[in-house]
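# Inside the fold
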2 protein chains.
Amino acid sequence: MDAIRAAAEKARKSSYSLSSIPLDVRNAALESIALALESNSEKITEANAKDMKAAEEMKLPQALIKRLKYSQDKISESVTSIRSIMQQEDVIGKVLSKTELDEGLILDKVSCPIGVIGVVFESRPDALVQISCLCLKSGNAVLLKGGSEAKNTNLILAELIQKAIISVDERFDGTVQLLSTREEFQSLLKHDDLIDLIIPRGSNQLVRSIMESTRIPVMGHAAGICHTYVDKDADLKMAAKVCFDAKVQYPAVCNATETLLIHSDIAEKFLPVIAEEYGKAGVEMRGDERVRKIVEMSAASENDWSEEYNDLVISIKIVDSLREAIDHINRYSSHHTDAIITSSEAAAEEFMDDVDSSSTMWNTSTRFADGYRYGLGAEVGISTNKTHARGPVGLEGLTIYKYKLRGKGQTVAEYSGKDGRKYTHRKLL
Amino acid sequence: MDAIRAAAEKARKSSYSLSSIPLDVRNAALESIALALESNSEKITEANAKDMKAAEEMKLPQALIKRLKYSQDKISESVTSIRSIMQQEDVIGKVLSKTELDEGLILDKVSCPIGVIGVVFESRPDALVQISCLCLKSGNAVLLKGGSEAKNTNLILAELIQKAIISVDERFDGTVQLLSTREEFQSLLKHDDLIDLIIPRGSNQLVRSIMESTRIPVMGHAAGICHTYVDKDADLKMAAKVCFDAKVQYPAVCNATETLLIHSDIAEKFLPVIAEEYGKAGVEMRGDERVRKIVEMSAASENDWSEEYNDLVISIKIVDSLREAIDHINRYSSHHTDAIITSSEAAAEEFMDDVDSSSTMWNTSTRFADGYRYGLGAEVGISTNKTHARGPVGLEGLTIYKYKLRGKGQTVAEYSGKDGRKYTHRKLL
């Protein structure tokens, strides 16, 4: 048996005891991690300095080097985040429903951990801490693979976390494990009998390549092509403010708006206003033919409707109806987040019902789609999956449920045939 | 574009209007199907007779031919089942949670259909009716592929259903579509941009081959290797009754017990009793060495612990502790359904917590794991997935959720920086 399968089996074994480790012990393990980070912050920053130096020498992009940095401040932020995870209520062991099948035959549907989760993430070492803590709190074992550029930082973080949690309870041995190479993670993807879920946090390319090479369910999103639609009944001042925020406030992220749709009735009035705002902020605009008749800009090609710019670039299109806007979005959106600006409640409800995205918004910015802003606390990522968890995913998305049936010796035979006992199916919760 | 992609696009298009079709219209479509089945029952049985004749001529197994039969009685059962689906409460549009992010910025988490579901099923034509109706009620479009042996029956059923629902509302055009060949279904598995979920109902082989050939999430179970563990503190009379039911009542199904684990403290007393019962019912027993010292039977090999007999065969093993039983089950079980028989509540709770299966049971028969018995109404199948839906799956498993955020023009920029507005994150529901 290879080392990776051994690691996965160890994780699986650990996961089997995790579900019955009480909340206070899981929280004690989290506190132990927080203390370990605090008292070893120098060691951590030293390891991080090595990674930073190597990254500079390899002339990696500055944006990547910036994300790689794990300073005293960032360590403090991680500690604060761990303590906020400790404060959150327990997501496992919740009775989700209770049904009496017959007198003395009671069925509970109870939340429980998913089991073993494989996570691959790029650059940011704080992701390692956050994901480990979310998994621990929700009773899951985790196998982590970070970017090779952060290997020294990740190594010491994983070691500290392992020691910290095992010192609280030996059953945490195997709960958090670090894989060091990409080949190891690739080999992990084969063990669908031991791994229950893969969460990739990184580039579209990474997510797609993982989806193609495993039978294990993958939770996440490949692209973030978000739309804002300005309806004929929009308050145009509000529209300008929200459209500006949606594109300009932080263009490099998945919930920034990439395409602006404008109703033809208000296009002549609205386009010059928003174009001026975008122009001042240095946004490159690409319009369809009708847009370019109102404001001069470069032409949008068919490809522009399905491109995630992640930059100060926006494509703009004029539509003649709410339905046309919805159809365009359902065709080109990555089903992440799409917004409507309108004073018409009917239009807003139709839009939010019929746009098939993980978040739909009315009179506000697509940028709000985020676990922290949604009040979920920390997040493992944003999912555009249509099964399990969708949208920003916090602790709850790391759980599933099981049924527990408690009886007094009943048999199915007693309930069979015309004279058999009848089920009561009484909803108790 | 090939015909299959065209069908999938039609389904996708239909799914976009389905989520806003009100409950009474979806229920009217279900009633329309029920009436169509009743008034065309002769045509249906005639088509079925053709399939039965062909199956007899091809000398298909009698068990398959039996399942293929779709008689007047079975049609009536389908109609009853449709009317019971109509009675069930709506699973879409439910507000699952509501959070105030700030004054006038309200986040709803709302249940909605998954979208487009591909279902492949074998032999039983009533599965076509049941699955179509569950999908319709839950607002999903469905692409169906039945067994080739039922092609005439499936064809007329699909035609009747299509006509019945389109006559109620034209937006149902594309909601239910039938694929005729296995190649068509294989080709469907490629369109992961249009299909959200695959549900295979059939042999292990079918399920596994589908899982291997698609990136679309697959919901279902490959095997049903269920255990019953008789603890040292079991009421042995109850244990004998339940173990008999779990194996003998209907051995051909996935929730029948395949392995019996017995605590060594009570083995000498219990084994002879249950062996006699099993013997009378013609059950072939295969025991480990310690079992065979108490009762003579053939020897269980290592393979027996992971075999789904689906027949009057059972493997029996003696264990020395509750923990050994749990470990054996977590290693060999297909994570479908496992039961403990004991008078000790502590042992039962530990077992139900730590056995990692979709259903765990105390003092009752594994045979209860079933959508009808659990009070879910009709079921699309039983899932051993660790994500999305687990255990018997009814209407709820065909839904996901989306977030809807309603604002008054708020921007993320206002909430940024030290002087930014603060989120309230007040739980309203």
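Residues numbered from 1 in each chain as written. Chains lettered and ligands numbered in written order. Predicted model: local features only at pLDDT ≥ 70, side-chain atom pairs only at ≥ 80, totals over all residues. Heavy atoms only, no water.

### Examining the sheet that holds strand 17 (residues 426–427) of chain A
- If you walk across this open sheet you meet the eleven strands as 17(A)-1(A)-2(A)-16(A)-13(B)-12(B)-7(B)-8(B)-11(B)-9(B)-10(B), and the pairing is mixed. Two strands lie at the open edges of the sheet, namely strand 17 of chain A together with strand 10 (298–299) of chain B, each paired on one side alone.
- The pairing of strand 1 (residues 95–102) of chain A with strand 17 of chain A spans two bridges and is antiparallel. Across the sheet, residue A:Thr99 finds its bridge partner in strand 17 of chain A, namely A:Lys427. (Pairing = 2+ DSSP bridges. Helix = DSSP H or I, 4+ residues; strand = E, 2+ residues; numbered from the N terminus.)

### Here's the deal with the pattern of salt bridges
- Tallied over the entire structure, the rule returns 64 salt bridges over all chains.
- A salt bridge links B:Arg5 to B:Asp193; its shortest N-O distance comes to 2.6 Å. Separated by 188 residues along the polypeptide, B:Arg5 in helix 1 (residues 3–18) and B:Asp193 in the loop between helix 8 (182–188) and strand 6 (197–201) bring together distant segments of the chain.
- Here the salt bridges do not stand alone but share partners, grouping A:Arg12, A:Asp196, B:Asp356, B:Lys386 and B:Arg390 into one network. (Salt bridge = Lys/Arg side-chain N within 4 Å of Asp/Glu carboxyl O.)

### Structural notes on unusual backbone geometry
- If you check the backbone angles, A:Lys59 has positive phi at about 55° while not being a glycine.
- Residue B:Asn363 is not a glycine yet carries a positive backbone phi of 55°.
- Structurally, B:Asn363 is set in the loop between strand 13 (359–362) and strand 14 (381–383).

### With respect to the domain arrangement of chain A
Residues and elements named next belong to chain A.
- For chain A, the assigned domains read domain 1 (3–219 + 380–402) and domain 2 (226–368).
- Distance from the C-alpha centre of domain 1 to the C-alpha centre of domain 2: 35 Å.
- Across the contact, eight residues belong to domain 1 and nine residues belong to domain 2.
- Across the domain 1 to domain 2 interface the summed buried area is about 550 Å²; carbon plus sulfur atoms make up 49%.
- Among the residues of domain 1 in contact with domain 2, Ile382, Thr384 and Arg390 are the three that bury the most area, contributing 67% of the side total. (Domains from an automatic or database assignment. Contact = heavy atoms within 4.5 Å. Buried area = accessible area lost by both parts, 1.4 Å probe.)

### Let's talk about the packing of helix 3 (residues 41–57) of chain B against helix 7 (residues 151–168) of chain B
Residues and elements named next belong to chain B.
- Contact pair helix 3 / helix 7: the axes reach a minimum separation of 7 Å and the direction vectors enclose 155°. The pairing of helix 3 with helix 7 is recorded here as roughly antiparallel in orientation. Seen from helix 3, the contacting residues are Lys43, Ile44, Ala47, Asn48, Lys50 and Asp51; seen from helix 7, they are Lys151, Asn152, Thr153, Ile156, Leu157 and Leu160. (Axes fitted to C-alpha atoms, helices over the stretch in contact; angles between N-to-C directions. Parallel < 35°, antiparallel > 145°, perpendicular 65-115°, else oblique.)

### Examining helix 10 (residues 236–248) of chain B
All names here are of chain B.
- An ideal rise of 1.5 Å per residue puts 18 Å on 13 residues; helix 10 measures up with 18 Å between its terminal C-alpha atoms.
- Most of helix 10 sits out of view: ten of its 13 residues are buried.
- Those residues of helix 10 that fall on the buried side of the exposure criterion are Leu236, Met238, Ala239, Ala240, Val242, Cys243, Asp245, Ala246, Lys247 and Val248.
- The inward-facing, buried residues of helix 10 contact strand 7 (226–230), strand 8 (257–263), helix 11 (264–280), strand 11 (313–319) and strand 12 (337–341).
- The backbone nitrogen of Lys237 lies 3.0 Å from a side-chain oxygen of the residue at the head of helix 10, namely Asp235. (Expected span 1.5 Å × (residues − 1). Buried < 20%, exposed > 50% of the residue type's maximum accessible area, 1.4 Å probe, protein only. Polar contact = N/O pair within 3.5 Å; in protein donor to acceptor, adjacent residues only side chain to side chain.)

### So, the interface of chain A and chain B
- The interface of chain A with chain B comprises 75 residues on the first partner and 75 residues on the second.
- With both chains or domains summed, chain A and chain B bury close to 6300 Å², and 52% of this area falls on carbon and sulfur atoms.
- Our count for the chain A to chain B interface comes out at 14 salt bridges.
- Residue B:Lys241 pairs with A:Glu414 through a salt bridge whose shortest N-O separation is 3.4 Å.
- One can count 54 residue pairs in polar contact (both at pLDDT 80 or more) joining chain A with chain B.
- By residue number, the principal contributor to the side of chain A that touches chain B is strand 16 (residues 399–406) of chain A, which donates seven residues.
- Taken together, the residues that form the side of chain A that touches chain B break down as 29 nonpolar, 24 polar and 22 charged.
- Pairing analysis gives four bridges linking strand 13 (residues 359–362) of chain A to strand 16 (residues 399–406) of chain B, with the strands arranged parallel. Bridging across to strand 16 of chain B, A:Thr360 finds its partner in B:Lys404. (Nonpolar A, V, L, I, M, F, W, Y, C, P; charged D, E, K, R; others polar.)

### Quick notes on the sheet that holds strand 5 (residues 176–179) of chain B
All names here are of chain B.
- Taken in spatial order, the four strands line up as 5-4-3-6 in an open sheet, and their pairing is parallel. Single-partner strands in this sheet number two, and they are strand 5 and strand 6. In this sheet, neighbouring strand axes are inclined to one another by 20° on average, regardless of whether the strands run parallel or antiparallel.
- Examined bridge by bridge, strand 3 (residues 116–121) and strand 6 share five bridges and lie parallel to one another. Counterpart to Phe121 in the pairing with strand 6 is Arg201.
- Its contacts with the sheet place helix 6 (residues 125–137) against strand 3, strand 4 (141–145), strand 5 and strand 6, and it is angled at close to 165° to strand 4.
- Of the strands in this sheet, strand 3 and strand 6 are in contact with helix 9 (residues 204–212), which crosses strand 6 at around 160°.

### Topic: empty space enclosed by the protein
- Across all of its chains, the model carries one cavity of 30 Å³ or more by this definition.
- A volume near 120 Å³ is recorded for the largest cavity.
- For the largest cavity, the lining is made up of 14 residues, of which A:Ser15, A:Tyr16, A:Ser19, A:Pro113 and B:Asp356 are closest to its centre.
- Contributing elements (two or more residues each) for the lining of the largest cavity: helix 1 (3–18) and strand 2 (105–113) of chain A together with helix 14 (345–354) of chain B.
- Sort the elements by how many residues they give to the lining of the largest cavity and helix 1 of chain A lands first, with three residues.
- When grouped by side-chain class, the residues that make up the lining of the largest cavity number four nonpolar, four polar and six charged. (1 Å grid on protein atoms, 1.4 Å probe; cavity = no way out; pocket = protein on both sides within 12 Å on 5 of 7 lines; lining within 4 Å. Points joined across faces, edges and corners; volume = space filled by probe spheres on them.)

### Description of the pairing of strand 4 (residues 141–145) of chain A
Residue and element names in this part refer to chain A.
- Counting buried residues in strand 4 gives five out of five residues, a clear majority hidden from the surface.
- On strand 4, burial covers both faces: Ala141, Leu143 and Lys145 on one face and Val142 and Leu144 on the other are all buried.
- Sheet topology places strand 4 next to strand 5 (residues 176–179); four bridges connect them, and they run parallel. Within the sheet, the bridge partner assigned to Val142 lies in strand 5 and is Val176.

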